[in-house]
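Secondary and tertiary structure notes
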Amino acid sequence: MTAPAAPARLGAELVTVGYGGEPVVRDLTLDVPDGLVTTIVGPNGCGKSTLLRTLARLLKPTSGRVRLDGDAIASVSTREVSRRLALLPQSPIAPDGLLVRDLVGRGRHPHQRWFSQWSPRDEEVVERALRMTDTWELRDRALDELSGGQRQRAWVAMTLAQDTDLVLLDEPTTFLDLAHQVEVLDLVTRLNRERGRTVAMVLHDLNLAARYSDVVVVMKAGAIVTQGTPTEVFTTELLRQVFGLDADVLDDPRTGLPVVVPVAGQAAASGGTVEGSASTAAASCGT
Amino acid sequence: MAVLHAAPLRLGALSWLVPLRAALVSLAGLGLLFLLVAVDLSVGDFPIPVSDVVSTLLGGGDEGQRFIVMELRLPQTVVAVAVGAALGLAGALTQTLARNPLASPDILGVTDGAAFGAVAVIVLSGASGYGGGLVTGRLQELGLPLAAFSGAMLTALLLYLLSWRRGLDMQRLVLVGIGLGAALTAGTSYLLVNSRIQDAASAQVWLSGSLNGRGWEHGRPVLLTLAVLLPLSLLLVRSLNAMLLGDDAARGLGVRLQLAQLGVLVAAVGLTSVSVAAVGPLEFVAFVVPQVALRLTGGSRPPVLASMVAGGVLVVGADLLTRAVLPFPLPAGIVTAAIGAPYLIWLLVRANRRRTA
Amino acid sequence: MTSSIAAEPAAPASPGVRRGSARVLGLLVLALVAAALLSLALGSRALPIGTVIDVLFHDDGSEAATIVHALRIPRTVLAIAVGIALGVAGALMQGHTRNPLADPGLLGVEAGASCAVVIAIYSLGIHDLAGYAWFAMAGAGVAAVAVFAIGSTRAGPDPVSLVLAGAAVSALLLAITQAIVVRDSETLDAYRFWVVGSASGRSLSVFWQVLPFLLVGLLFAAMSTPGLNLLQLGDDVAASLGLTPWRQKALGIAAVMLLAGAATAACGPVGFVGLVVPHLARRLGGVDYRWLVPYAGLLGGLLVVATDIVGRLVVRPAELQVGIVMALVGGPAFVLLVRRTRMLKL
């Protein structure tokens, strides 16, 4: 388990979080390494979305704290947090008839005031976000007219327009077909490589996680099991232990990164229940 | 083909984004409003030509005309415009906050609280006018509006206290509002049933929403409230835009959710209370006006300024109809419902005819 | 799938899940009968139960017999009928709109009935409750048909549109109603007593008048209830399971309109029953509509009879009408219910 060398701006220290009953995440410590793409994976109900939302200050931990730039995040003003950290929530909603350019414009909210609602800088950042996500041509269309992939790209553009160093994405690829999933994740990679943003995301698809992450954090039952590079993390043993999955881990011939391939017909062989395969563990982790 | 939806307006470091279609609609609406006001001021026992009305408003006109227009008729018309604007704004705010076109400040039970207060005063004080007529005199001027306003405010306070539970949940708020509203309506019914028929008749007139006999003393509170709450509402529009994207996205964008929700509610409740206190419940204005304004401006949420203008147009139009067109006087609230409801029905039929699911 | 799974024993129902049962149904029926007896016995003059049962079966012309037969039987029967009708209508309404806030009054039925009654009083001088009942039924019917027509797309009734249409039609009818009562205080005088919702002052003939509509409504309700469970899963799933969604919805909505219309025609608008009772029924019987609807009916009957009794006793010898007591009690009770439930996303 190699820890990245850069010090982390965002991190959780011994955080316990729940939704009023039993805690979903227990005494968890995690640093989100700067300048890298970190992906949190784990079986359904393990707490990955809960952890991400706690890092984004949407949930308040019952014990422990989240740290942003050395301060407890709870002590930083909401506005200030939104200038440093952007979150793309799961299944976001938008009113009917909202145009793409207006949605992306909302991303400028943390930088605007009542007397400065559309500065030249705002216009510039929004245009850049639209171009970077290939939604410039779609800017005058209504969101509800777009395809799933286009809509998701528009949401990513909004997050981009927020112009923050830290970007958190909660299952950005749900309900998208493979081509669109790749589209969105390629975008995320560009964000990181070209603009140096720190990205933390939750993905349910292990192969996409392996392909697009610098660091993978594996969770189970509210705790971190292991973290490291994809090659270090994805092993047959881990897959069995955490996911109850019997699988081979091959090397992708093009990239050298791990590819998870479940062993077929394993229900008869093991005699137990199958917990779902790597590529189709579709239902979202407990929110 | 790029259609210009909005243009930036910049003055040095200040900058705003002006939605063009909404601005156009608002301006056109204001023009229509001015016209309606002028016509409204021209009709009455002494008809005055519209052109004379306009010149009187602008400072000219002879003494007789000035008296009739400025002293006798203008107050009532001003009340109509103010109440229409206030209700239109309250409706736009509530529907945007609740993310639901069915929402209106009335479902929060506040209007029922006002009604209970007013009817209680009418029935319990037993000081109504001649049988079947309006409440007159000091009571109408001061006691009634105050009672209505207090009823509304107390209900709002109760609403807030009962629905607060580690934060404000819109759904819970609506449900509690329904419960409170029902209990208050029952109280009002009880009063109506156990009162002299003259009092019940007076109460019924008030309950139908009436502009008749309203003067500056009714209009002033509404105008003052508008002067305070309109700027507040405009400040909150940015947060409302973000809140339409969901609570999580809004918090992520830096909106202080609890504060913003409270601010919008205070504005909506304040505007509604002061309007109901002045003229009684005007059915449908807060519900229909924002939806109409939305369809006219083609945006993604009920527009704030256009709703105010449309509200003014509807209420002044209703007043005009009542005084000039109808063969017998009818309370304005009935007319606004009679205009608003069919329009909504027409919209629904048109939309549903196209839908297959 | 593997054969080893079939060998496992069926898992018992988890303890927290509520299920309907015939036993609870039976208990509710018994409770209703008990409440009915109480209703016959209590009032401004309390009668011993023994006497009540005696005169129930042979009218011996005594004072007690008169009270029971002329006054209390009609109001008890009507209260139960209205309660059952509104309870069932409420459950169906919430099921079809998939909205726990839905109330049968949303379909414009009450406004239609009120408007028709006011027109009857004003233009035809009708002043007896039996006369009102016909007009109320007619008004409710016209309003219901209008709402149904406006709120339906080509694929059948749409929940949100229906509610909007109901609001629009109700507001329009209310405006007409108000226009009349504001101008004519004699009409207002009669109307204000009807509109409050009351089971008293009516003879049994009102019950016989509305009974056919009640029965047809209950029949439609029974026919549409099994399908309602499937409709909860969405139109597509329901269709793939062999249902014709629009037919089911039409049946259900027709049932609501008949039941709510009949109830309003009989006793005037009684609010809150249709809104609150399904929630209580859900606590008892879970979310299976085959149990929920009967529970709601029986609970509705119980609730209305109970509030009628309370209304008789609380300000003895005067009375508080059922509609008023229902809202005065139901409103705060509903608020408490809302506070104790964790708000789940609907």
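Parameters at a glance
- Residues numbered from 1 in each chain as written.
- Chains lettered and ligands numbered in written order.
- Predicted model: local features only at pLDDT ≥ 70, side-chain atom pairs only at ≥ 80, totals over all residues.
- Helix = DSSP H or I, 4+ residues; strand = E, 2+ residues; numbered from the N terminus.
- Buried ≥ 20, exposed ≤ 12 C-beta atoms within 10 Å, placed from the backbone.
- Contact = placed C-beta atoms within 7 Å.
- Pairing = 2+ DSSP bridges.
- Core = buried A, V, L, I, M, F, W, Y, C linked by C-beta atoms within 7 Å.
- Axes fitted to C-alpha atoms, helices over the stretch in contact; angles between N-to-C directions.
- Expected span 1.5 Å × (residues − 1).
- Nonpolar A, V, L, I, M, F, W, Y, C, P; charged D, E, K, R; others polar.

**Regarding the overall build of chain A**
Tallying secondary structure elements over chain A gives 10 helices and 12 strands in all. Counting over 287 residues, chain A shows a buried share of 45%. The long-range share in chain A, meaning contacts at least 24 apart out of those at least 6 apart in sequence, stands at 67%.

**Regarding the pairing of strand E1 (residues 6-11) of chain B**
In this structure, E1(B) lies alongside strand E2 (residues 14-19) of chain B, joined through six bridges in antiparallel fashion. Bridging from a neighbouring strand, Ala6(B) pairs with Pro19(B) of E2(B).

**Remarks on the nonpolar core**
Among the nonpolar cores identified, the biggest contains 318 residues, and Leu168(A), Val82(C) and Ala266(C) are the most heavily contacted of them. Of the residues forming this core, the biggest block, 17 residues, is contributed by helix H3 (residues 63-98) of chain B. Apart from the residues lying within four places of it in its own chain, the contact partners of Leu168(A) are Leu52(A), Leu55(A), Ala56(A), Leu85(A), Ala86(A), Leu87(A), Ala200(A) and Met201(A). Ranked by size, the runner-up nonpolar core spans six residues in total, among them Leu40(C), Val55(C), Ile67(C) and Val68(C).

**Some remarks on the environment of Ala267(B)**
All names here are of chain B. Turning to its location among the elements, Ala267 is positioned in helix H10 (residues 257-279). What makes Ala267 buried here is the crowd of 24 C-beta atoms within 10 Å. Taking the C-alpha atoms as reference, Ala267 lies 9.8 Å from Ala86; in sequence the two are 181 residues apart. The residues contacting Ala267, other than those within four sequence positions of it, are Leu93, Leu229, Leu232 and Ser233.

**Structural notes on unusual backbone geometry**
Residues and elements named next belong to chain A. A positive phi angle is found at Asp27, which is not glycine, with a value near 45°. For Asp27, the location among the structural elements is in strand E2 (residues 23-32). With 14 C-beta atoms packed within 10 Å, Asp27 lands in the partly exposed category. The backbone of Asp163 shows a phi angle near 55°, a positive value even though the residue is not glycine. In this fold, Asp163 is placed in the loop between helix H5 (148-161) and strand E7 (166-170).

**Some points on the sheet that holds E2(A)**
All names here are of chain A. In space, the four strands of this open sheet follow the order E2-E1-E4-E5, with antiparallel pairing throughout. Looking at strand neighbours, the two that pair on one side only are E2 and strand E5 (71-72), the edges of this open sheet. Sheet analysis places strand E1 (residues 10-18) next to strand E4 (residues 63-68), joined by five bridges and oriented antiparallel. From the neighbouring strand, Ala12 faces E4, where its bridge partner is Val66. Taken strand by strand, helix H1 (residues 48-55) contacts E1, E2 and E4, and its axis lies near 120° from that of E1.

**What to know about helix H1 (residues 20-42) of chain B**
Working note: α-helix, 3.6 residues per turn, so residues spaced by three or four point in the same direction. All names here are of chain B. The first and last C-alpha atoms of H1 sit 33 Å apart over 23 residues, in line with the 33 Å expected at 1.5 Å per residue. Listed in full, the buried residues belonging to H1 are Ala22, Val25, Ser26, Gly29, Leu33, Leu36, Val37, Ala38, Asp40, Leu41 and Ser42. Structurally, H1 contributes buried residues whose contacts are with E2, helix H2 (50-57), H3, helix H11 (285-297) and helix H12 (304-325). After H1 finishes, the residue Gly44 shows a positive phi value of roughly 150°.

**Observations concerning the interface of chain C and chain B**
Contacts between the two partners involve 42 residues from chain C, matched on the other side by 45 residues from chain B. Among the elements of the structure, strand E1 (152-153), helix H7 (159-183), helix H8 (185-194) and helix H14 (322-340) of chain C are those that each provide at least two residues to the side of chain C that touches chain B. Here the element with the most residues in the side of chain C that touches chain B is H7(C); it accounts for 14 residues. Considered class by class, the residues forming the side of chain C that touches chain B number 27 nonpolar, 10 polar and five charged.

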